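Listed below are the residues making up each chain.
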Amino acid sequence: MVRASHQTVRLARGSHRSPREGACVVELASMLAGEAFSDRPRCVDPVLAAFLRAFNDRLGHVSRQRLKPYAALAVGTSGDRAVTRARRERCLAFAAGSRRAGARPRRIRLRVLLAAGPRAALRLDPGAALWAARALDARGVEPHGFALLDALLADGGLRPPGSAPSPAPTRGRPPRDLALAA
């Protein structure tokens, strides 16, 4: 019997007990980071991890395999609260642009503002990513999901797999918002 490794694992829906059963993209990230096999590794930003889990489960089998390079990019993205907030805001803005998401992202923002302290706000980070993933159902899962995922990585200064180097930043002009261009 061949032992499952990060090189042989197939991405599958849901969470798994071991890599022999398959892995979601975030579980693959935990393997690459050398952490315990989990879909909630400490090395992955909580907003990014929540979006990756939900996006992984919405893709078909063949499209899901395209997420493998993103597992490596997700490793080491946790820890920067400003980037986590930027990712949360991008997810909320994406969800707010969907008819299906309705007014719920506004309620989430209001709760963030009214919450006592940054810890309460951080609990809402995965919720924002889930609202964005649900908005994909109304917009088109694959094209919009990969574009949003690339934008979430770019918030942390990472380039998506296969992309050309980005041009030097221009002062005074904000970067184009890829997630809201759809």
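Just so it is clear, the structure is predicted and the values come from calculations on it, not from any experiment.

About the cut-offs
Residues numbered from 1 in each chain as written. Predicted model: local features only at pLDDT ≥ 70, side-chain atom pairs only at ≥ 80, totals over all residues. Heavy atoms only, no water. Helix = DSSP H or I, 4+ residues; strand = E, 2+ residues; numbered from the N terminus. Buried < 20%, exposed > 50% of the residue type's maximum accessible area, 1.4 Å probe, protein only. Salt bridge = Lys/Arg side-chain N within 4 Å of Asp/Glu carboxyl O. Core = buried A, V, L, I, M, F, W, Y, C linked by side-chain atoms within 4.5 Å. Contact = heavy atoms within 4.5 Å. Phe/Tyr/Trp six-rings, centres within 6.5 Å; stacked < 30°, edge-to-face > 60°. Lys NZ or Arg CZ within 6 Å of the ring centre and 35° of its normal. pLDDT = per-residue confidence, 0-100. Axes fitted to C-alpha atoms, helices over the stretch in contact; angles between N-to-C directions. Parallel < 35°, antiparallel > 145°, perpendicular 65-115°, else oblique. Left-handed = near helix turned anticlockwise from the far one by under 90°. Nonpolar A, V, L, I, M, F, W, Y, C, P; charged D, E, K, R; others polar.

Engineer: Help me understand the environment of V47 in this model?
Structural biologist: Mapped onto the elements, V47 comes out in helix 2 (residues 46-58). On the accessibility criterion, V47 (0% relative accessible area) is buried. In sequence terms V47 and L130 are 83 residues apart; their C-alpha atoms lie 8.8 Å from each other.

Engineer: Would you mind showing me how to read the pattern of salt bridges here?
Structural biologist: Two side chains of opposite charge can pair, provided their charged atoms sit close to one another. A complete count under the given rule lists 6 salt bridges for this structure. Ionic pairing is found between R40 and D39, a salt bridge with its closest N-O pair at 3.5 Å. A residue is classified by how much of its surface remains accessible, and R40, at 56% relative accessible area, is exposed. Assessed through its relative accessible area of 18%, D39 is described here as buried. Of the charged contacts in the structure, one is a salt bridge between R90 and D155, with a shortest N-O distance of 2.8 Å. A residue pair is termed long-range when its members are at least 10 positions apart, and R90 in helix 5 (residues 81-96) and D155 in helix 9 (residues 141-155) qualify at 65 residues. Here D155 falls in the partly exposed class, since its relative accessible area comes to 22%.

Engineer: In this structure, what is going on with the nonpolar core? I would like to understand it.
Structural biologist: Buried together is how nonpolar side chains tend to be arranged in soluble globular proteins. Formed by 39 residues in total, the largest nonpolar core has its most connected members in L48, F51, F55, L67 and L149. Elements with a minimum of two residues in this core: helix 1 (25-33), helix 2, helix 4 (68-74), helix 5, helix 8 (125-139) and helix 9. Top element by residues in this core is helix 2. It accounts for 8 residues. Other than its neighbours up to four places away in sequence, F55 contacts L67, L136, V141, E142, G145, F146 and L149.

Engineer: Looking at this structure, I do not really get the packing of aromatic side chains. What am I missing?
Structural biologist: Two descriptors summarise a pair of aromatic rings, namely the distance from one centre to the other and the angle between the planes of the rings. One pass over the structure, following the stated rule, counts 3 aromatic pairs. A centroid spacing of 5.0 Å and a plane angle of 80 degrees characterise the contact between F55 and F146, whose relative ring orientation is edge-to-face. Of the two residues, F55 is situated in helix 2 and F146 in helix 9; the sequence distance between them amounts to 91 residues. The class of F55 is buried, set by a relative accessible area of 0%. When its relative accessible area of 6% is taken as the criterion, F146 is described as buried. Taken together, the ring pairs in this structure connect F51, F55, Y70 and F146 into an aromatic cluster. Lying over the aromatic face of F146, R66 brings its terminal NZ or CZ to 4.0 Å of the ring centre.

Engineer: Explain the confidence of the model for the chain here, please?
Structural biologist: Interpreting fine coordinate detail is not advised for predicted regions of low pLDDT. The predicted model of the chain has a mean per-residue pLDDT of 77, with 69% of residues at 70 or higher. Contacts of residues 111-122 to residues separated by more than four positions or lying in other chains number 8 contacts, the stretch itself having pLDDT below 50. Ignoring residues within four places in sequence, the model shows residues 165-182, a span with pLDDT below 50, making 15 contacts including any to other chains.

Engineer: Where do I start with the packing of helix 2 against helix 9 in this structure?
Structural biologist: Working note: a packed helix pair is described by the angle between its axes plus the distance between those axes. Relative orientation of the contacting elements helix 2 and helix 9 amounts to 160 degrees, with a least axis distance of 11 Å. Regarding the angle of helix 2 to helix 9, the classification is roughly antiparallel. Where helix 2 crosses over helix 9, the handedness of that crossing is left-handed. Facing L48, F51, L52, F55 and R58 of helix 2, the residues of helix 9 in contact are V141, E142, G145, F146, L148, L149, L152 and L153. Classifying every residue of the contact of helix 2 with helix 9 gives 10 nonpolar, 1 polar and 2 charged.

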